[in-house]
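# Architecture and fold: a report
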Amino acid sequence: MTISVLGAGAFGTALAISLAKETPVTLWARDSAQVADMQRQRCNTARLPDVPLPARLTPTSDFSQATEAEVLLLAVPMQKLRSVLQAHRADLKGKVLVACCKGIELETGFGPIVVISQVLPAAKPALLTGPSFAADIARGLPTALTLACSDAKLGHQLQQQLTTANLRLYRTTDTSGAELGGALKNIIAIACGAVIGAGLGESARAALMTRGYAEMQRMALACGAKPETLAGLSGFGDLTLTCSSPLSRNYQLGLSIGRGDGFDPNITVEGAATARATAAKAKTMGLDMPLTETVVGLLNGDLTIATAGAQLLARPLKEE
Ligand SMILES: NC(=O)C1=CN([C@@H]2O[C@H](COP(=O)(O)OP(=O)(O)OC[C@H]3O[C@@H](n4cnc5c(N)ncnc54)[C@H](OP(=O)(O)O)[C@@H]3O)[C@@H](O)[C@H]2O)C=CC1
Ligand SMILES: O=C(CO)COP(=O)(O)O
């Protein structure tokens, strides 16, 4: 089996490095200058400066060359996924496409699997998600992820093909649960960062993580997901990592909100658009998602941390 990774950001490069230790991998980037630099330096200096590219990793800016592979990993941000698929529709037709992004499309409220199916009805979509920082995967540290594919046979094959010595994949056919877990945890990570940034304490963070998990379940189960998927790596696992580590960019955005600092808008923070998409979706579905609404209020500047905290604490008392 041959593999290409489309998108040479932090995560795409990390996955390519991990896989290329065991099999040839092509890594596509749209920027030919970046590709030339990777070929020359044998390193992605912009995104993973300290990790060398293995000999079996071939960087390219030639999309057709990359799509000669049998399995294509899509490692671009969620809000860019549709345009990338549309731009390369002919080359991607009928391919096995493994989305590696976490989020919900702002304009439609759909996750990556539906977006792939809409743009490329003949493609075979899957999702790779779960708790993992690019830097950890690139350094070969032990990591466990979820491979979700509604086609059980293909999911089984992908699980075998994409597992490496240090990257252990579990599989599920519940694509909806896997993509919602990975998308919604980023919203709660922003909230947790804000609480810590504002000095409100670890106890408040634990409360947010727990009530955030309840909120994630509320949305996911209403969309037909299985509770055990939410309890797995793609949901609870990634929630734990992202809400507790300063390496997370979603958590970092929250920290800056809590501290009242600025934040570089060029950094990929999936939770911001996903919070807005989820709040809109929850409204149409009649779901109560107070933490998501609060994060949207903070992002839009409609709420201060003090008002947000006071509003959440003043909500009607209820059963757990
Ligand atoms: N970083 C991590 O630790 C993890 C990330 N993820 C997920 O992976 C996804 C990607 O994140 P990450 O790699 O960190 O993000 P980065 O910001 O590091 O990289 C994004 C990549 O997408 C490319 N890109 C953006 N827009 C386009 C476009 N229109 N056409 C082609 N390429 C495009 C960028 O290219 P260019 O540089 O030219 O702009 C860049 O290579 C996200 O959904 C994230 O949640 C999942 C797990 C871990
Ligand atoms: O998804 C991630 C960890 O699993 C990466 O988190 P950030 O996108 O917040 O950096």
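Only a predicted model underlies this, so the values are computations on that prediction, with no experimental measurement involved. (Residues numbered from 1 in each chain as written. Chains lettered and ligands numbered in written order. Predicted model: local features only at pLDDT ≥ 70, side-chain atom pairs only at ≥ 80, totals over all residues.)

Our focus in this paragraph is helix α9 (residues 175–197). In this model, α9 (23 residues) spans 34 Å end to end at C-alpha, consistent with the 33 Å of a helix rising 1.5 Å per residue. By the criterion of burial, α9 is predominantly enclosed, with 23 of the 23 residues buried. Immediately beyond the C-terminal end of α9, within one or two residues, lies Gly199, with a positive phi of roughly 75°. (Helix = DSSP H or I, 4+ residues; strand = E, 2+ residues; numbered from the N terminus. Expected span 1.5 Å × (residues − 1). Buried ≥ 20, exposed ≤ 12 C-beta atoms within 10 Å, placed from the backbone.)

Turning our eyes to something else, we now look at the nonpolar core. Of all hydrophobic cores here, the largest spans 58 residues; its most connected members are Leu15, Leu73, Leu74, Val98, Ala99 and Cys100. Among all residues touching Leu73, those that are not within four sequence positions of it are Ile3, Val5, Leu6, Leu15, Val98, Cys100 and Leu128. Membership of the second largest hydrophobic core comes to 41 residues, among which are Leu230, Tyr251, Met289 and Ala308. (Core = buried A, V, L, I, M, F, W, Y, C linked by C-beta atoms within 7 Å. Contact = placed C-beta atoms within 7 Å.)

UniProt records the feature "domain: Glycerol-3-phosphate dehydrogenase NAD-dependent C-terminal" (unreviewed entry) for residues 174–307 in the present numbering. Along residues 174–307, the helical share is 75% and the strand share 0%, with 38 Å between the first and last C-alpha atoms. (UniProt positions renumbered as here; feature names shortened; annotations may be inferred.)

Right, let's talk about the UniProt feature "binding site: NADPH" (unreviewed entry) in the protein for a bit. Within this numbering scheme, the UniProt entry marks Phe11, Arg30, Lys102, Ala134, Arg249 and Glu270 as carrying the feature "binding site: NADPH" (unreviewed entry). Sequence-wise these annotated residues cover 260 residues; spatially they are dispersed, their C-alpha atoms as much as 22.9 Å apart. Lys102 gets classed as buried once you count the C-beta atoms within 10 Å, which come to 29. With near-sequence residues (within four places) excluded, Lys102 lies in contact with Met78, Thr129, Gly182, Ala183, Asn186 and Glu270. Mapping Ala134 onto the fold places it in helix α7 (residues 134–138). Ala134 has contacts with Ala10, Phe11, Ala14 and Leu48, leaving out every residue within four places of it along the chain.

Next up on the list: the site of ligand 2. Near ligand 2 lie 13 residues; those nearest to it are Pro131, Asp238, Ser248, Arg249 and Asn250. Counting residues per element, the ones that place at least two in the shell around ligand 2 are α9, α12 (233–244) and α13 (249–259). The class makeup of the residues in the shell around ligand 2 is 4 nonpolar, 5 polar and 4 charged. (Near = placed C-beta within 6 Å. Nonpolar A, V, L, I, M, F, W, Y, C, P; charged D, E, K, R; others polar.)

Residues Val25 and Leu27 line one face of strand β2 (residues 25–28) and the alternating positions Thr26 and Trp28 line the opposite face, and both faces are buried. In this structure, strand β1 (residues 3–6) lies alongside β2, joined through 4 bridges in parallel fashion. For Val5, the partnering residue across the bridge sits in β2 and is Leu27. Following the chain from β1 across helix α1 (residues 10–20) to the adjacent parallel β2, one finds a crossover that is right-handed. Where β2 lies against strand β3 (residues 57–60), 4 bridges are found, and the strand directions are parallel. Within β3, the residue paired with Thr26 across the bridge is Thr58. (Pairing = 2+ DSSP bridges. Right-handed = clockwise from strand over helix to strand, strands pointing away.)

Let's shift gears to the sheet that holds strand β5 (residues 96–99). To summarise the sheet geometry, strands pair through backbone hydrogen bonds and adopt either a parallel or an antiparallel arrangement. Spatial strand order, β3-β2-β1-β4-β5-β6-β7-β8: 8 strands in an open sheet with mixed pairing. Single-partner strands in this sheet number two, and they are β3 and β8 (167–172). Sheet twist, expressed as the average angle between the axes of neighbouring strands with direction ignored, equals 25°. Running at roughly 155° to strand β6 (residues 124–129), helix α6 (residues 112–119) makes contact with β5 and β6 of the sheet. (Axes fitted to C-alpha atoms, helices over the stretch in contact; angles between N-to-C directions.)

As a further point, take unusual backbone geometry. The phi angle at Arg42 is positive, at roughly 55°, despite the residue not being glycine. Here Arg42 lies in the loop between α2 (32–41) and β3. The exposure class assigned to Arg42 is partly exposed, which follows from the 13 C-beta atoms found within 10 Å.

Look at helix α10 (residues 202–222) against α12: their axes get within 11 Å of each other, and the N-to-C directions meet at 150°. Taken together, the axis directions place α10 and α12 in an arrangement best described as roughly antiparallel. The crossing of α10 and α12 is right-handed. Taking contact as the criterion, the partners of Arg205, Met209, Gly212, Tyr213 and Met216 in α10 are, on α12, Gly235, Phe236, Leu239 and Cys243. Across the contact of α10 with α12, the residue classes tally to 6 nonpolar, 2 polar and 1 charged. (Parallel < 35°, antiparallel > 145°, perpendicular 65-115°, else oblique. Left-handed = near helix turned anticlockwise from the far one by under 90°.)

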